[in-house]
Amino acid sequence: MSSHTFTPSSPLKGRIRVPGDKSISHRALMFSSLAVGESTIEGLLEGEDVLATAAAMRQLGADIVRGDDGVWRVHGAGLGSLLEPRQALDMGNSGTSTRLLMGLLASHGFSATFTGDASLSGRPMNRVIEPLSQMGASFEASRGGTLPLMLRGALPAVPITYRLPVASAQVKSAVLLAGLNTPGITSVVEPVATRDHTERMLKGFGATIEIGEEGGERKISIHGEADLQPQQVVVPGDPSSAAFFIVAALIVPGSDLLIENVGMNETRAGIVHALRQMGGSIEERDRRVIGGEPVADLRVRHSVLTGAEIDPSLAPSMIDEFPVLFVAAALAEGTTVTSGLEELRVKESDRLAAMAKALALAGARVEEHEDGLTIEGSGGEPLRGTLEGASVQTRLDHRIAMSMAVAGLASRHGVNVDDTAPIATSFPDFMDLLESASR
Ligand code: S3P
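Numbering of residues begins from 1 in every chain and follows the order in which that chain's sequence is written. Per-residue local features of the predicted model are confined to residues with pLDDT of at least 70, and side-chain atom pairs are confined, for both listing and counting, to 80 or more; whole-chain, interface and lining totals are unaffected and use all residues. Side-chain descriptors were evaluated using all non-hydrogen atoms of the structure, hydrogens and water having been removed beforehand.

### Comments concerning the packing of helix α1 (residues 22-32) against helix α3 (residues 95-106)
Each pair of packed helices can be summarised by the angle the axes make with each other and by the distance between the axes. Which entries qualify depends on this criterion: A fitted line through C-alpha atoms represents every axis, and for helices the fit uses only the stretch in contact; the resulting angles, taken between N-to-C directions, go from 0 to 180 degrees. For the purposes of this entry, the term helix denotes a DSSP run of H or I that reaches at least four residues, the term strand denotes a run of E that reaches at least two, and both are numbered from the N terminus. When the near helix sits turned anticlockwise from the far one by under a right angle, the crossing is termed left-handed; a clockwise turn instead gives a right-handed crossing. Whether two residues are in contact is decided by their heavy atoms: any pair within 4.5 Å suffices. Charged residues are taken to be Asp, Glu, Lys and Arg, nonpolar residues to be Ala, Val, Leu, Ile, Met, Phe, Trp, Tyr, Cys and Pro, and polar residues to be all remaining types, Gly included.
In the contact formed by α1 and α3, the axes pass within 10 Å of each other and the chain directions differ by 40°. Crossing handedness for the pair α1 and α3: right-handed. On α3, the residues touching K22, H26, R27 and M30 of α1 are T96, S97, L100 and L101. Its residues assigned to classes, the contact of α1 with α3 comprises three nonpolar, three polar and two charged.

### Thoughts on the environment of V192
How we decide: With a 1.4 Å probe rolled over the protein chains alone, any residue whose accessible area is under 20% of its type maximum counts as buried; one over 50% counts as exposed, and the rest are partly exposed.
In this fold, V192 is placed in the loop between β11 (184-190) and α6 (197-204). You can call V192 partly exposed: its relative accessible area is 37%. With 24 residues separating them along the chain, V192 and S168 place their C-alpha atoms 9.0 Å apart.

### A look at the nonpolar core
The following threshold applies: In these notes, a set of buried Ala, Val, Leu, Ile, Met, Phe, Trp, Tyr and Cys residues joined through side-chain atoms within 4.5 Å is what counts as a nonpolar core.
Within the largest apolar cluster, 76 residues are counted, with the highest numbers of intra-cluster contacts made by F245, I246, I259, L275, F326, M404 and F430. The biggest single contributor to this core is helix α7 (residues 239-251), with 10 residues. Those residues in contact with L275 that sit more than four places away from it in its chain are I246, V247, L250, G280, I282, L305, L325 and A328. One finds M102, A106, L120 and V175 within the second-largest nonpolar core, a separate group that totals 65 residues.

### Here's the deal with the sheet that holds strand β20 (residues 372-376)
What counts here: Strand pairing is assigned whenever DSSP detects at least two bridges linking the two strands.
In spatial order, the strands read β18-β20-β19; together these three strands make up an open sheet with antiparallel pairing. Both outer strands of the open sheet, β18 (335-337) and β19 (365-369), are each paired with one neighbouring strand and no more. Here the average twist between neighbouring strands, direction ignored, is 10°. With five bridges joining them, β19 and β20 adopt antiparallel strand pairing. Within β20, the position partnered with E368 by the bridge is L373. Strands β19 and β20 of the sheet are contacted by helix α10 (residues 351-361), whose axis makes an angle of about 160° with β19.

### Some remarks on the site of the ligand
Formally: A molecule or strand has a residue near it when one of that residue's heavy atoms lies within 4 Å. Any pair of nitrogen or oxygen atoms within 3.5 Å is treated as a polar contact; in protein, a donor-acceptor pairing is required on top of that, and neighbouring residues in sequence qualify only through side-chain atoms on both sides. Residue-level accessible areas treat just the shown protein chains as cover; the underlying method is Shrake-Rupley with a 1.4 Å probe. Only protein atoms enter the 1 Å grid used here. Points where a 1.4 Å probe fits but cannot escape make up a cavity, open sets with protein on both sides within 12 Å along at least five of seven lines make up a pocket, and a residue lines them when an atom lies within 4 Å of a point. Just a note on the criterion: a molecule sits in a pocket or cavity if more than half of its atoms are within 2 Å of the grid points.
The ligand sits among S23, R27, T96, R99, A167, S168, A169, Q170, R195, I319, D320 and K347. A distance of 2.6 Å separates an oxygen atom of the ligand from a polar side-chain atom of S168. Contact with the protein chains removes 95% of the 380 Å² of surface that the ligand exposes when unbound. One can see that the ligand is located within the largest pocket.

Written out as structure tokens, the structure reads:
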């Protein structure tokens, strides 16, 4: 464990670029591995989670190399031609790698074992086991439907229409990926729209995907057995990583920061809407499309934030950004109320419990509820910070570590975080970038 104290910061200034989008990077590696021929991926996030996906795709037969130019080159094995892995697939900390690959392998005729770290091994997999079992795959999971687990794929698998019981892009994607190698049409109905990178990118790789409506709900149908064609993928900057710098610039007086090349897909942009609702000055510049995804440069200036009631319908489009939104709320004037966030309890950590405890430790006034937090802001006054000898528990969760790092920038005595190592799962350059922006 490597602890670190994040201390009061000078204003964040200049231009920065955040690394590539994690969700898009996973998908780019997976889909390239299914297309026969060479795909290239530019801007791939080189964080531990994505590297776990790359390692798994290699075990399944893809040839994946990183060029000296930073461009990744993938020679796909072809859909249906993946190889049975000889060893367990080690998914590290990554729920996305696990759930999407479980889907992909559910319609391949072999077995695979999935393992992960202590955080991932506590996360629920029944949400994917259930629909994939309906398609014919079978599973031997650890108690409570967790990792380590063994999957036996079905060949051929059976197409289904599955209505998501929880708003989850990972579950949606698992079923669609299983549908890739399944004869017939596999459909997912989502009552609430979740991030749509899978649909967008599969279309880009040449799959036949239809998006329609059924009873006011979004229905996505994929035609198997798909024939994916190699592509040149360009990965935009990750809005979830940008969120830490957006909030940092909003709460540190005197800041004026330009964050370039940030993905602005509406299914991910909830944090920008919520922070604007709180009075945050976030200006979009040069809106453009890169790799089939909307992108913009964001100019963020220090702002007097006001507490707000966050609309629970925004949750799916900012599901990973609540920890850092709670930090913004702790510095705002007045009360911020959040609800409908039960899903935060099954992320890399229980993010409601972890953030309630961490913020309280740093001197914020927080109340934890079953499905959200209520936060009484400081009105712009710096938080006290952690007391001598006390440190915030990261709980193997990168987003808790980075959120509390941001809180430390707007504190009197600094915030000590017990373990910064998990940051490398999604944002290996975080500490360097923070230093360069606040120099
Ligand atoms: C992701 C979906 C979300 C998100 C995760 C990445 C994806 O998870 O929290 O970080 O890439 O599909 P859920 O599907 O569990 O909401």
